[in-house]
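Structure at a glance
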Amino acid sequence: MNRFPLLLTALLFFTNVYSQKVSFSDKLVSSKYISNGTELYNLGRTYDALMIFKQARVRNPNNWKAHFWVSTAEFDLNNYNSALESGNKALELTKEKEDADLNMLLAKINHKLGNIEQAVAHYKTATNALGAKAAKEYDLPIYIAQCEFALNEKREGVVNKRKLLAPNLNSKYEEYGPILTNDGKHLFFTARNSETTGGGMNPDDQRFFEDMYHAKYNEKTKEFELQVETFEGINTEGFDALNSVSWDGTYCLGTLNTSASKEKSTTSSEIFELSTDVVADYGSPTVIVNTTINTTYFEGAASITDTLWIGEEQENYQQIMVFVSDRNGEKSLTDIFSVEKKNGVWGSAKLLPKHINTPGRETTPFISQDGKYLFFSSDALPGMGGYDIYYCENVNGEWSKPINLGGAINTPDDDTHFQYYPKLKKAVLAGIRENEGVFNYDLFEVNMEGIDLPFMK
């Protein structure tokens with residue numbers, strides 16, 4: 001049988017697919033689409049821009065910049081696999097194999113996906129293209145160091161110990177901020193999904209606003225079941241986040257921000273308190289009235305110690321609260337503050353030391369019940385990539401230098417909202433996971449037994 005005609009047909013097919021002849025008119029239209037798309041992209045309308053970039057790609061499949069911009073938008077929308085496919089296609093089509101922007105994009109995508117060797121190669125190519133000075137301005141040496149950290153953890157045989165917490169509650173949307181109370185039988189968390197109160201979307205990122213959720217563990221089904229009524233009448237049409245809950249479930253700290261929603265009952269993000277005598281039967285939130293805590297800037301992610309008695313006679317008592325603010329945004333992005341509540345009265349909030357607060361982002365602090373340990377996430381301290389989780393120990397009233405929790409807890413993507421429960425020997429956190437092709441925050445737990453860290457002793 002003569003196979004030559006079949007081979008010729010196949011060759012012509014692949015030639016047409018991968019080297020399509022494009023008319024001059026289509027090339028012009030494709031370039032125009034890219035120009036229109038970048039305008040939308042720069043306005044923060046990433047999804048709308050993606051649709052335009054895809055039209056540019058259809059009109060001229062050989063235009064590497066169309067594939068590049070599709071990849072850029074897909075990356076920003078957390079569609080990492082699609083972003084990688086389009087980015088690799090752009091690299092295949094372009095003659096500029098060492099284009100700095102394209103290699104930086106491919107490096108970041110591979111970094112997020114845990115393809116560390118490929119990420120390093122692209123970071124180094126981008127560094128060579130930019131030169132050492134410009135590469136430093138883009139933080140490329142930091143990203144390369146993060147990859148080396150991750151590779152070293154792999155060489156050391158460190159295995160990540162996280163597993164999904166409440167798989168039935170994790171969705172294609174974002175769930176984060178897990179909190180366990182009452183011997184682990186109650187789960188609180190925050191989510192941004194289509195069922196959010198009012199169904200509104202934040203105009204800045206075109207995603208749903210956030211609500212607080214509560215679930216109880218069912219011994220028969222071995223699953224957490226949502227208790228919808230808990231926060232009915234409490235969640236607003238804006239951002240409502242629960243940040244910490246006392247172990248007995250009677251006291252909560254959270255964040256409220258309705259400035260971008262229809263309600264506009266707040267002008268910024270503010271920390272509130274919730275209290276009750278009966279678990280999950282909460283009244284209205286009470287915003288903390290203290291101008292060093294709640295300002296006109298963003299404040300949130302609050303965590304507080306148990307009541308701590310002062311002195312041998314125990315006549316006075318205090319609590320220590322830590323929280324995040326962007327009030328120093330001109331010098332650093334978000335920082336962690338602490339404030340003392342003595343005999344029921346809030347003091348003045350103070351910035352934590354520079355070895356904790358970097359020029360980057362520090363977020364989601366969690367202070368242990370006895371005030372001895374502080375856990376938080378940062379995207380600027382040495383780590384594996386994105387946000388990593390760190391801990392500090394309070395020694396004689398001073399916080400030690402942050403220590404990375406390592407690859408047993410952290411990943412090359414974002415890891416936040418860490419809370420540790422000594423009684424359960426378990427920790428919870430929020431991390432990135434693929435769900436229906438999109439990478440978003442989900443709820444995770446970690447069995448801490450066997451991990452040799454000071455706060456475990």
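Predicted, not measured: the structure shown is a model, and the values here were computed from it.

**Looking at the overall build of the protein**
- Helices and strands together make up the secondary structure of the protein, namely nine helices and 25 strands.
- When its C-alpha atoms are laid out on the principal axes, the protein stretches across 95 × 50 × 45 Å.
- Of the contacts made within the protein by residues no fewer than 6 positions apart, 51% connect residues no fewer than 24 positions apart.
- For the protein, the distance from the average position of its 45 positive side-chain charges to the average position of its 62 negative side-chain charges is 8 Å.

**Considering the confidence of the model for the protein**
- Residue-level pLDDT values for the protein average 92, and 95% of them are 70 or greater.
- Counting contacts from residues 7-18, a segment whose pLDDT is below 50, to residues more than four positions away or on other chains yields four contacts.

**Things to note about the packing of aromatic side chains**
- For the structure on display, the rule yields 27 aromatic pairs.
- Relative to tyrosine 282, the ring of phenylalanine 188 lies with its centre 6.5 Å away and its plane at 55 degrees, an arrangement referred to as tilted. In this pair, phenylalanine 188 is assigned in strand β3 (residues 186-192) and tyrosine 282 in the loop between β10 (270-275) and β11 (286-287), connecting sequence segments 94 residues apart. Side by side, phenylalanine 188 and tyrosine 282 carry an identical accessibility label, which is buried.
- Aromatic ring contacts, followed pair by pair, group Phe366, Tyr373, Phe375, Tyr391, Phe418, Tyr420 and Phe455 into a single cluster.

**Focus on the nonpolar core**
- Phe53, Phe68, Trp69, Phe75, Leu102, Ile109 and Tyr441 are the most contacted members of the largest nonpolar core, which has 30 residues in total.
- Put simply, the parts of the chain that give this core at least two residues each are α2 (24-42), α3 (46-59), α4 (64-76), α5 (80-93), α6 (100-113), β24 (426-435) and β25 (438-447).
- Considering each element in turn, this core owes the most residues, seven residues, to α4.
- Sequence-distant contacts of isoleucine 109, that is, excluding residues within four places in its chain, are made with Ser71, Phe75, Tyr80, Ala83 and Leu84.
- Counting 26 residues, the second-largest nonpolar core is a separate cluster that includes Phe224, Phe231, Val245 and Leu274.

**Some points on the pairing of strand β23 (residues 415-421)**
- Within β23, six of the seven residues are buried, leaving the element largely enclosed by the surrounding structure.
- Relative to β24, β23 is paired through five bridges, and the arrangement is antiparallel. Its bridge partner lying in β24, aspartate 415 is registered against glycine 431.

**Here we look at the packing of α6 against helix α9 (residues 140-155)**
- Where α6 contacts α9, the axes come no closer than 12 Å and their chain directions differ by 30 degrees. One way to sum up the angle between α6 and α9 is to call them roughly parallel. Handedness of the α6/α9 crossing: left-handed. Residues Met104, Lys108 and His111 of α6 pack against Leu140, Tyr143, Gln146 and Cys147 of α9.
- Taken together, the residues of the contact of α6 with α9 sort by class into four nonpolar, two polar and one charged.

**A few points about the packing of α3 against α4**
- One way to put it is that α3 packs onto α4 with a least axis distance of 9 Å and a crossing angle of 155 degrees. Considered as vectors, α3 and α4 are oriented roughly antiparallel to each other. The interaxial crossing formed by α3 with α4 has left-handed handedness. Where α3 approaches α4, its residues Thr46, Leu50, Phe53, Lys54, Ala56 and Arg57 are matched on the opposing element by Ala66, His67, Trp69, Val70, Ala73, Glu74 and Asp76.
- Of the residues that constitute the contact of α3 with α4, the class distribution is seven nonpolar, two polar and four charged.

**Observations regarding unusual backbone geometry**
- Located in the positive-phi region is lysine 222, a residue other than glycine, with phi close to 60 degrees.
- Relative to the assigned elements, lysine 222 resides in the loop between β6 (211-218) and β7 (223-226).
- The backbone of threonine 364 shows a phi angle near 40 degrees, a positive value even though the residue is not glycine.
- Among the structural elements, threonine 364 can be located in strand β18 (residues 362-367).
- Residue class for threonine 364 comes out buried when judged on its relative accessible area of 9%.

**Re the sheet that holds strand β2 (residues 174-181)**
- A sheet is described by the order of its strands in space; here four strands give the open sequence β2-β3-β6-β7, paired in antiparallel fashion. A single partner strand is all that each edge strand has here, and the edge strands are β2 and β7. Averaged over all adjacent pairs, the angle separating strand axes in this sheet is 30 degrees, with direction ignored.
- Note: β6 against β7, four bridges, orientation antiparallel. Its bridge partner being in β7, tyrosine 217 is matched across the sheet by phenylalanine 224.

**Here's the deal with α4**
- Here α4 is 13 residues long and its end C-alpha atoms lie 19 Å apart, about the 18 Å a rise of 1.5 Å per residue gives.
- Summarising burial for α4: eleven of the 13 residues are buried, a large majority.
- If you check which residues of α4 are buried, you get Trp64, Ala66, His67, Phe68, Trp69, Val70, Ser71, Thr72, Ala73, Glu74 and Phe75.
- Against the buried residues of α4 lie α2, α3, α5 and α6.

**Overview of the pattern of salt bridges**
- Applying the stated rule across the entire model yields 20 salt bridges.
- Linking lysine 112 and aspartate 414 is a salt bridge whose minimum nitrogen-to-oxygen distance equals 3.8 Å. Pair noted here: lysine 112 is in helix α6 and aspartate 414 is in the loop between β22 (403-404) and β23, with a separation of 302 residues, a long-range link.
- In this structure, glutamate 299 and arginine 327 form a salt bridge, with 3.1 Å as the shortest nitrogen-oxygen distance. Here the residue glutamate 299 occupies a position in strand β12 (residues 299-304), and arginine 327 occupies one in the loop between β14 (316-325) and β15 (335-342), the gap between them amounting to 28 residues.

Definitions and cut-offs
- Residues numbered from 1 in each chain as written.
- Predicted model: local features only at pLDDT ≥ 70, side-chain atom pairs only at ≥ 80, totals over all residues.
- Heavy atoms only, no water.
- Helix = DSSP H or I, 4+ residues; strand = E, 2+ residues; numbered from the N terminus.
- Contact = heavy atoms within 4.5 Å.
- Lys, Arg positive; Asp, Glu negative; His and termini not counted.
- Charge placed at Lys NZ, Arg CZ, Asp CG, Glu CD.
- pLDDT = per-residue confidence, 0-100.
- Phe/Tyr/Trp six-rings, centres within 6.5 Å; stacked < 30°, edge-to-face > 60°.
- Buried < 20%, exposed > 50% of the residue type's maximum accessible area, 1.4 Å probe, protein only.
- Core = buried A, V, L, I, M, F, W, Y, C linked by side-chain atoms within 4.5 Å.
- Pairing = 2+ DSSP bridges.
- Axes fitted to C-alpha atoms, helices over the stretch in contact; angles between N-to-C directions.
- Parallel < 35°, antiparallel > 145°, perpendicular 65-115°, else oblique.
- Left-handed = near helix turned anticlockwise from the far one by under 90°.
- Nonpolar A, V, L, I, M, F, W, Y, C, P; charged D, E, K, R; others polar.
- Expected span 1.5 Å × (residues − 1).
- Salt bridge = Lys/Arg side-chain N within 4 Å of Asp/Glu carboxyl O.

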